[in-house]
Amino acid sequence: MTVIRVPAPRRAADGLGRPLWVSVEGINGVGKTTAVRATAASLGSRCLRLDELTDQAADTLPGRVIAALSAEGDVCLRTGHPVVETLALLALKFREVERLTPELLDGVDVIVEDRGVDSVAVCQGAILHTEHRATPARAVANQILATARRWRSMPDATLLLTGDREVCTARFAARIGRTLPASALEVIAQTEQLYLELAAAEPDRFTLIDVTGHDRAETGKAVEDAVRAIVARREVDRAG
Ligand SMILES: Nc1ncnc2c1ncn2[C@@H]1O[C@H](COP(=O)(O)OP(=O)(O)OP(=O)(O)O)[C@@H](O)[C@H]1O
Ligand SMILES: Cc1cn([C@H]2C[C@H](O)[C@@H](COP(=O)(O)O)O2)c(=O)[nH]c1=O
């Protein structure tokens with residue numbers, strides 16, 4: 001039997017010299033964006049920050065797709081077509097890799113990504129489960145990650161920020177100026193559980209950082225320290 005290989009997306013600077021890829025994950029309001037921005041600012045030009053899909057400018061392709069997925073006003077990007085939503089979000093995550101040209105990566109040691117493919121896996125796993133109760137959320141999440149792995153490399157390291165869910169959802173609600181409906185709270189609770197399960201399944205990739213009680217600066221410092229430690233470990237591995 002002939003085995004047909006699926007081509008990987010174009011990826012600049014593959015191999016030994018490529019930058020480390022660190023994704024930052026966690027439920028809404030745990031402080032990912034604040035910490036990623038502080039970390040990238042502190043590391044300077046050696047760090048390339050990839051903004052969350054929902055934070056990209058309205059006139060970009062991701063901005064337009066997110067606007068379409070938000071058109072129903074649901075805080076969870078639900079338009080009633082969860083499979084289409086999942087594939088659209090995954091496509092945007094593949095596009096991020098394809099857009100990394102050698103020029104963009106010149107002098108970059110580490111890419112720090114605010115919500116990576118794991119976000120798509122846990123959010124869409126939770127959403128598809130709420131719409132098709134017979135389908136376990138974890139099975140959907142695993143399937144999304146298996147699809148992702150066929151088309152792009154997974155992050156070298158993933159920092160999972162954990163915190164008090166009620167505090168996090170209150171911050172999220174305050175940030176978007178809305179009361180979260182029960183359906184959104186259910187999705188967020190499910191994503192929290194899925195994150196922990198994915199982290200337990202891949203202990204070499206995931207590092208858990210508990211930011212309960214941390215202020216913004218403390219969370220930023222914890223993420224920065226973790227990124228610096230991962231970069232330093234790679235330097236030691238290279239030298240050895
Ligand atoms: N440690 C903290 N203590 C208090 N407020 C915080 C803390 N970290 C972040 N915030 C505030 O909470 C809100 C959410 O923070 P942030 O956007 O960084 O979280 P996030 O995890 O990226 O959320 P989302 O997934 O919804 O984008 C922001 O208004 C931010 O200023
Ligand atoms: C990646 C992704 C995200 N969502 C949800 C998660 C949040 O409720 C919203 C917006 O995210 P933000 O971090 O608060 O900006 O979108 C989703 O439903 N599906 C996804 O794949």
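A few points on the structure. None of the values given here were measured: they were computed from a predicted structure.

## Quick notes on the overall build of the protein chain
Then, number 1: For the protein chain, the helix and strand inventory stands at 9 helices and 5 strands.
Then, number 2: Of the regular secondary structure in the protein chain, the N- to C-terminal order runs β-α-β-α-α-α-β-α-α-β-α-α-β-α.
Then, number 3: The C-alpha radius of gyration of the protein chain comes to 18 Å, within 12% of the 18 Å expected for a compact globule of 240 residues.
Then, number 4: In terms of its C-alpha atoms, the protein chain occupies a principal-axis envelope of roughly 55 × 50 × 40 Å.
Then, number 5: The buried share among the 240 residues of the protein chain stands at 46%.
Then, number 6: Here the analysis covers contacts within the protein chain between residues at least 6 apart in sequence; of these, 79% occur between residues at least 24 apart.

## Brief notes about unusual backbone geometry
Then, number 1: The residue L77 is not glycine, and still its phi comes out positive at about 60°.
Then, number 2: Summarising the element assignment, L77 is placed in the loop between helix 2 (61-69) and helix 3 (82-98).
Then, number 3: When its relative accessible area of 15% is taken as the criterion, L77 is described as buried.
Then, number 4: Residue R115 is not a glycine yet carries a positive backbone phi of 70°.

## Details of the packing of aromatic side chains
Then, number 1: Under the criterion given, the structure shown has 1 aromatic pair.
Then, number 2: Ring geometry for F94 versus W151: centroids 6.4 Å apart, planes at 40°, classification tilted. Placement of F94 in helix 3 and of W151 in helix 6 (residues 137-151) is noted, with a sequence separation of 57 residues between them.
Then, number 3: Look at F94 and you get buried, because its relative accessible area is 16%.
Then, number 4: Positioned above the aromatic ring of W21 is the side chain of R152, whose terminal nitrogen or guanidinium carbon lies 5.0 Å from the ring centre.

Cut-offs used in this document
Residues numbered from 1 in each chain as written. Chains lettered and ligands numbered in written order. Predicted model: local features only at pLDDT ≥ 70, side-chain atom pairs only at ≥ 80, totals over all residues. Heavy atoms only, no water. Helix = DSSP H or I, 4+ residues; strand = E, 2+ residues; numbered from the N terminus. Rg over C-alpha atoms; globule rule 2.2 N^0.38 Å. Buried < 20%, exposed > 50% of the residue type's maximum accessible area, 1.4 Å probe, protein only. Contact = heavy atoms within 4.5 Å. Phe/Tyr/Trp six-rings, centres within 6.5 Å; stacked < 30°, edge-to-face > 60°. Lys NZ or Arg CZ within 6 Å of the ring centre and 35° of its normal.

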